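A closer look at the structure
Listed below, chain by chain, are the residues.
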Amino acid sequence: MKKIILEIYALAVCFFSVACFMLIFGLLLWDGIELSAPEFTLNSYDYECHQSDEAYKYCKETDHKYARKDAPETFPVGQELTKTRVQSYEKVIKSERRQALQSSVQKLIILLIGGFIFVIHWRLAKSARSHSV
């Protein structure tokens, strides 16, 4: 009886591990898209703010986290504004890729640990089965 309970426990852990693997693989796929096409996965606010000089200026003026109480930021005009917006967009894209890379590494670590747990419990289930038959 103990061997059957042990086998059920080990198979339940394996089942849960497989469910987690499916979820993590889906999230890893999203990270892959984020790495290869960060413009697609960029949040709507940042994307919209960098589509034109006017949108960029409006976002910076209305965003409270950029507002400075002591000295309001003066925005460049013309080509200088465009250059500033493009540089900001490049930084946002670089940040998006870095975040995707960090997330991928975290998920790979989880997969490694999950794989280890799966293998141990799969062997445990096989061992319990062979001893109970």
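For the structure, check the block above.
Residues numbered from 1 in each chain as written. Predicted model: local features only at pLDDT ≥ 70, side-chain atom pairs only at ≥ 80, totals over all residues. Heavy atoms only, no water.

Concerning the state of the cysteines
Per the counting criterion, the structure on display carries one disulfide. The partner cysteine of C49 in its disulfide is C59, sulfur to sulfur 1.9 Å. Between C49 and C59 the sulfur-sulfur dihedral comes to about -85°; the bridge is accordingly left-handed. Taken together, the residues C49 in helix α3 (residues 44–49) and C59 in helix α4 (residues 53–62) connect sequence positions 10 residues apart. The same class applies to C49 as to C59, namely buried. C20 provides the cysteine sulfur closest to C14, a residue in no disulfide bond, and the two sulfurs are 12 Å apart. What makes C14 buried here is its relative accessible area of 3%. (Disulfide = S-S within 2.5 Å. Helix = DSSP H or I, 4+ residues; strand = E, 2+ residues; numbered from the N terminus. Buried < 20%, exposed > 50% of the residue type's maximum accessible area, 1.4 Å probe, protein only.)

Some words on helix α1 (residues 2–36)
With 35 residues, α1 should reach 51 Å at 1.5 Å per residue; the first-to-last C-alpha distance of 50 Å fits that figure. Buried residues of α1: E7, A10, V13, C14, S17, F21, I24, L28, D31 and E34, and no others. (Expected span 1.5 Å × (residues − 1).)

Here we look at the packing of aromatic side chains
The tally for this structure, following the rule as stated, stands at three aromatic pairs. Aromatic side chains F118 and W122 sit 6.0 Å apart centroid to centroid with 15° between the ring planes, which places their arrangement in the stacked category. Taken together, the residues span about one helical turn, with F118 and W122 both in helix α5 (residues 79–132) at a distance of four residues. Here F118 falls in the partly exposed class, since its relative accessible area comes to 22%. For W122, a relative accessible area of 40% translates into the label partly exposed. (Phe/Tyr/Trp six-rings, centres within 6.5 Å; stacked < 30°, edge-to-face > 60°.)

Focus: a nonpolar patch on the surface
A grouping of L35, L101, V105, I109, I113, F116, I117 and I120 is seen on the molecular surface, where their side chains present a nonpolar patch of about 700 Å² in accessible area. Ranked by the residues each element gives to the nonpolar patch, the list is headed by α5, at seven residues. Overall, I113 belongs to the partly exposed group, its relative accessible area being 49%. (Patch = residues over 30% accessible without salt bridge, like charges linked within 9 Å, V, L, I, M, F, W, Y side chains within 5 Å. Areas by Shrake-Rupley, 256 points an atom, 1.4 Å probe, with all protein chains shown as cover. Salt bridge = Lys/Arg side-chain N within 4 Å of Asp/Glu carboxyl O.)

Describing the environment of K2
Its location among the elements puts K2 in helix α1. On a C-alpha basis, the gap between K2 and A128 in space is 8.9 Å, while along the polypeptide they are 126 residues apart.

Overview of the pattern of salt bridges
Evaluated as defined, the whole model comprises three salt bridges. Residues K107 and D31 are paired through a salt bridge, measuring 3.1 Å at the closest nitrogen-oxygen approach. Remark: D31 occurs in helix α1 and K107 occurs in helix α5; sequence separation between them is 76 residues. D31 matches K107 in its accessibility class, with the two residues each being buried. R85 serves as the salt-bridge partner of D53, at 2.7 Å between the closest nitrogen and oxygen. Taken together, the residues span a long stretch of sequence, with D53 in helix α4 and R85 in helix α5 at a distance of 32 residues. Classification of D53 by relative accessible area gives buried; the value is 15%. When its relative accessible area of 15% is taken as the criterion, R85 is described as buried.

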